[in-house]
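# Analysis of the macromolecular model
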Amino acid sequence: MNDFVIHACEQVLRFTQVDKWDDLSEERKIQLGFNMGVVALGLNLTKADGFQALTNARSGLVPMQEFREHLKSLIISHKVRVDDVNITKPF
């Protein structure tokens, strides 16, 4: 797996540890969106699994925890090896 995609997966999991979208700073929201794009392209996700899922979390239709679990399941199913140290570090 491409290191850039692995890093994006880690960042997406890292930034979705918040309770709700508005808990993220504007900078982190942008970073999450960018990294979600890398994940969607790198894992060849459908629109529903990628950008629609992000839109649903952003608009509050889906809780961030549910969005995070969705992403985690996709990352696991694509056998991406992420480093928990990179995911749990503060931002």
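Residues numbered from 1 in each chain as written. Predicted model: local features only at pLDDT ≥ 70, side-chain atom pairs only at ≥ 80, totals over all residues. Heavy atoms only, no water.

### Observations regarding the environment of L32
Definition in use: The numbering of helices and of strands both runs from the N terminus, where a helix is a DSSP run of H or I of at least 4 residues and a strand a run of E of at least 2. Any two residues having at least one pair of non-hydrogen atoms within 4.5 Å are treated as being in contact.
Tracing the sequence through the fold places L32 in helix 2 (residues 26-42). For the pair L32 and A8, spaced 24 residues apart in the sequence, the C-alpha separation amounts to 8.7 Å. If we skip the residues at most four places from it in the chain, L32 touches V12, F15, T16, W21, L24, L54 and M64.

### Some thoughts on helix 4 (residues 64-77)
In plain terms, the rule: By this rule, a helix spans an expected 1.5 Å times one less than how many residues it contains. We call a residue buried when its accessible area falls under 20% of the maximum for its residue type, exposed when it is over 50%, and partly exposed in between, using a 1.4 Å probe and counting protein chains only. Throughout, the arc means that of the directions going from the helix axis to the C-beta atoms.
An ideal rise of 1.5 Å per residue puts 20 Å on 14 residues; helix 4 measures up with 20 Å between its terminal C-alpha atoms. Burial in helix 4 covers these residues: M64, F67, R68, L71, L74 and I75. Projected down its long axis, helix 4 carries its buried residues within an arc of 125 degrees, all on one side. The inward-facing, buried residues of helix 4 abut helix 1 (3-15), helix 2, helix 3 (48-59) and helix 5 (84-88). Phi turns positive one or two residues past the end of helix 4, at K79, with a value near 55 degrees.

### Things to note about the environment of C9
Looking at the element boundaries, C9 is found in helix 1. When the C-alpha atoms of C9 and N35 are compared, they prove to be 7.3 Å apart, with 26 residues separating the residues in sequence. Once you skip the residues sitting within four places of it in the chain, C9 turns out to touch V39, L43, I75, V80 and V82.

### Digging into helix 3
Within the span of helix 3, buried status applies to G50, A53, L54, N56 and A57. The buried side chains of helix 3 occupy one side of the element, clustering within an arc of 165 degrees when seen end-on. Set apart from the buried face of helix 3 by more than 90 degrees, the exposed residues are A48 and R58. Packed against the buried residues of helix 3 are helix 2 and helix 4. One or two positions beyond helix 3, positive phi appears at G60, with a value near 85 degrees.

### Re the packing of helix 2 against helix 3
Keep this limit in mind: Each axis is a line fitted through C-alpha atoms, and for a helix only the stretch in contact is used; angles between axes span 0 to 180 degrees, taken between their N-to-C directions. Oblique is the label for any angle not under 35 degrees, not over 145, and not in the 65 to 115 range, which are roughly parallel, roughly antiparallel and roughly perpendicular in turn. Working rule for handedness: look at the near helix, and if it is turned counterclockwise from the far one by less than a right angle, call the crossing left-handed; if clockwise, right-handed.
The interhelical angle for the contact between helix 2 and helix 3, taken along N-to-C directions, is 160 degrees, at an axis separation of 9 Å. Here helix 2 is positioned roughly antiparallel relative to helix 3, judged by the angle of their axes. Crossing geometry of helix 2 relative to helix 3 is assigned as right-handed. On the side of helix 2, the interface is formed by L32, G33, M36, G37 and A40, while helix 3 contributes D49, G50, F51 and L54.

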